Amino acid sequence: MPQKSIIGLLFLLFSLYGVQDALGQFSQFLEESDIDRVAAGGSIGVTASAYSVDGIENRRAPGMIQTNANMNFNLFGFSSGINMNYSTDDSKFRQNMNSLSFNANWKWLNVQAGDVNSRFSEYGLGGATIRGGYIRANPGKFLVELTGGRSKRAVRPSLESGFRKPAFEQWAGAVKIGYGNTSTNYFHLSTFYAKDERESITGTNLEIAPRENLTLTPDFQVQFFNGRFTIASEVTASLFTRDLNSSVVSMDEVNIPSFFTSIFTPRTSSRFNYAGMADATLNLDFFNLGLGYERIQPGFESLGRGTVRDDQERIKVSPTLRLMNNRINISSNISLGRDNLLGNRVQTQTNTNANSNIQFIITDYLNVNTTYGLVLNNITAEEIDGQTTGSSQSQISHNVMLQPSLTLRREETTHNISLTGGYMSIESKFDNQGGAQADSYASESITSALNYAITLPIGITINSSVNYMTNSSDGIEIQNMGLNLGTSYAFFNRSLNVSANAGINRNINEREGPGGNLMETELQQLTGSLNSSYNLTEKDSFNITLRTRSNSVLTGAGREFTELEGSFRYQRRF
């Protein structure tokens, strides 16, 4: 009996030592990782608001009280929270329990669980949310990423108004491996697989069909000449089945790589397509040049990134030039695009977008910024089997902007003055079928604005702005002018902040009415606001806001009204 007691005592001592050693290793693991043992926080707030209007129907309730509370916690990497809201406007209490998630980092390892939003490639798994798990291991230059779980929940059909489109339950998984450094040279290979569960929703005359998708994406980047020249590319091959209820196709009848057929079962509704991009970048001391090409084949689909606009080809050129010790910066972005890549559509759309910017730093106080934008869109009707069934359209737009700004700093006063002037023209032409006369539309706009702000030594900031806009379109002339004044001041070591703003805006609209009569409408709007916020403590604050707006009809028809609203909000953080 004493011998058994001694053995039991030794076993207990060894067990306690093992537990102590395990706890010590676990504590060391927590110190080396970013896992918080226990953390919690949140806030509670109440808002009371009042609203009145004269001349039009109420836009909101005359009085309303809203309360909200939220709490978030983290326990050894597991995080979640709860939100609660109540409003007297609809007399409903709402609560939302945030999804439980886990996120932990340890040296080169990252583990996540819950709603995971990962991006393995641009066209494969490119942002779809998966409720499941995610692991990323990046020891040295090696990379391994794994994710899997449910990507969509089942949504059954419903006849209720506003009900969203039904959907099958969908499960997805992805793997990515690679070697290198994403800032220099690397090669990655990723694959993504998703499949709808056919039995998740049942019924007749369903608007949707269960789908399946498998993608394979290699991507790489290589740098030359100490990083001055870089090339990168990414191509995704996608095997997509639009209806899992369609017939299975024999392997001998399809020309698909064996990698796909070992996982994916080809059917009569399956299609094989690809999408990809390639980039080249040149970086010199005074000059940069970027070249890019993107192509998305007609019919390309991927369940890993939602809706994809297929049948697109785009070329991009982006030069940048720096002169006079970076005082002059000239940059441009040019994009050329087209669709109908296979030439089997009744129309082909081509577009050209060019944007140029010149920034000139004249002195430390004065700089000038100019921009020019050009947009060319053309839709050309194509001849199919000797017949032209579509119509042609064209649009050209020019946009020029000039923005000089001046900043004067004195010992206790700062002045900021900026001027903006712009010109925009749009011309559209529609060629009708059958030789009918073409329709056209033209518009020209001129905009200008002057802004001035001053910061006084006592802490008061005063700002003002004047703006003017005129637009001339077919049969319509519009003029708009406005003036705004505002000021702000911080009291009690910035614990109390008060700001006030007032403005007047006038709009004149002239258009040609029936019989060639000129119809004129002139409206005037006065606005004002007062806002104050006060931090009672580091955790307690309140805010008071008052706003008013008055709309008057000076000439012609319109609706006159006056609105006044105010709100008080208190919030405590913990």
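Described below are features of the structure shown in this document. (Residues numbered from 1 in each chain as written. Predicted model: local features only at pLDDT ≥ 70, side-chain atom pairs only at ≥ 80, totals over all residues. Heavy atoms only, no water.)

## Quick word on the overall build of the protein
No. 1: When you go through the protein residue by residue, the secondary structure sums to 2 helices and 29 strands.
No. 2: Burial status across the protein gives 28% buried among its 574 residues.
No. 3: For the protein, the computed accessible surface area is about 35,000 Å², with 56% contributed by carbon and sulfur atoms. (Helix = DSSP H or I, 4+ residues; strand = E, 2+ residues; numbered from the N terminus. Buried < 20%, exposed > 50% of the residue type's maximum accessible area, 1.4 Å probe, protein only. Areas by Shrake-Rupley, 256 points an atom, 1.4 Å probe, with all protein chains shown as cover.)

## As for the pattern of salt bridges
No. 1: This model, assessed by the stated rule, comprises 18 salt bridges.
No. 2: The salt bridge involving Arg131 is made with Asp115; its shortest N-O contact spans 2.7 Å. Residue Arg131 is located in strand β7 (residues 126–137), and its partner Asp115 is located in strand β6 (residues 109–119); the two are separated by 16 residues in the primary sequence.
No. 3: Given the relative accessible area of 44%, Arg131 is considered partly exposed.
No. 4: On the accessibility criterion, Asp115 (34% relative accessible area) is partly exposed.
No. 5: In this structure, Glu145 and Arg136 form a salt bridge, with 3.5 Å as the shortest nitrogen-oxygen distance.
No. 6: A relative accessible area of 5% means that Glu145 is categorised as buried.
No. 7: For Arg136, a relative accessible area of 28% corresponds to the partly exposed category.
No. 8: Through salt bridges with shared partners, one network takes in Arg59, Arg549 and Glu563. (Salt bridge = Lys/Arg side-chain N within 4 Å of Asp/Glu carboxyl O.)

## Quick word on the pairing of strand β14 (residues 287–296)
No. 1: One ladder, built from 9 bridges, connects strand β13 (residues 270–283) with β14; its direction is antiparallel. Residue pairing across strands places Asn283 opposite Asn288, the latter belonging to β14.
No. 2: A loop of 3 residues connects β13 with β14, the two strands running antiparallel in sequence.
No. 3: With 10 bridges joining them, β14 and strand β15 (residues 312–323) adopt antiparallel strand pairing. Counted as the bridge partner of Leu291 is Val317 from β15. (Pairing = 2+ DSSP bridges.)

## Digging into the pairing of strand β5 (residues 101–106)
The two faces of the sheet receive side chains in turn, since in a regular strand these alternate between them.
No. 1: Pairing analysis gives 5 bridges linking β5 to β6, with the strands arranged antiparallel. Looking at the pairing, Phe102 lines up with Ala113 of β6.
No. 2: Between β5 and the antiparallel strand that follows it, β6, lie 2 residues; Lys107 among them carries a positive phi value of about 55 degrees.

## What about the nonpolar core?
No. 1: By size, the foremost hydrophobic cluster in this structure holds 12 residues: Val116, Phe120, Leu125, Ala128, Ile130, Tyr134, Ala172, Ala174, Phe192, Ala194, Phe240 and Leu303.
No. 2: Broken down by element, this core gets its largest block of residues, 3 residues, from β7.
No. 3: Those residues in contact with Val116 that sit more than four places away from it in its chain are Ala128, Thr129, Ile130, Gly132, Gly133, Tyr134 and Thr147.
No. 4: Formed by 5 residues, the second largest nonpolar core is a distinct cluster that contains Tyr123, Ile296, Phe300 and Val308. (Core = buried A, V, L, I, M, F, W, Y, C linked by side-chain atoms within 4.5 Å. Contact = heavy atoms within 4.5 Å.)

## Points about the packing of aromatic side chains
No. 1: Under the criterion given, the structure shown has 9 aromatic pairs.
No. 2: With a centroid separation of 4.9 Å and an interplanar angle of 65 degrees, the aromatic rings of Phe142 and Tyr179 are classed as edge-to-face. Placement of the pair is Phe142 in strand β8 (residues 142–152) and Tyr179 in strand β9 (residues 170–180), with a sequence separation of 37 residues.
No. 3: You can call Phe142 exposed: its relative accessible area is 52%.
No. 4: Three or more aromatic residues joined by ring pairs make a cluster, and in this case those are Phe224, Phe225 and Phe229.
No. 5: Of note, Arg59 hangs over the ring of Phe561, and the distance from its end group to the ring centre comes to 5.4 Å.
No. 6: One Lys or Arg, Arg60, reaches over the ring of Tyr51 and ends 4.8 Å from the middle of that ring. (Phe/Tyr/Trp six-rings, centres within 6.5 Å; stacked < 30°, edge-to-face > 60°. Lys NZ or Arg CZ within 6 Å of the ring centre and 35° of its normal.)

## Focus: the side chain of Gln297
No. 1: Along the polypeptide, Gln297 turns up in the loop between β14 and β15.
No. 2: Overall, Gln297 belongs to the buried group, its relative accessible area being 10%.
No. 3: Here the side chain of Gln297 touches Arg295 through a polar contact of 2.7 Å, side chain to side chain.
No. 4: When neighbours within four sequence positions are excluded, Gln297 is seen to be in contact with Asn273, Tyr274, Asp310, Asp311, Leu341 and Leu342. (Polar contact = N/O pair within 3.5 Å; in protein donor to acceptor, adjacent residues only side chain to side chain.)

## Concerning the environment of Asn326
No. 1: Mapped onto the secondary structure, Asn326 falls in the loop between β15 and β16 (328–338).
No. 2: On a C-alpha basis, the gap between Asn326 and Ile361 in space is 8.4 Å, while along the polypeptide they are 35 residues apart.

## Details of the side chain of Thr230
No. 1: Mapped onto the fold, Thr230 is located in strand β12 (residues 229–241).
No. 2: Classification of Thr230 by relative accessible area gives buried; the value is 10%.

Distances and angles like these do not, on their own, reveal function.
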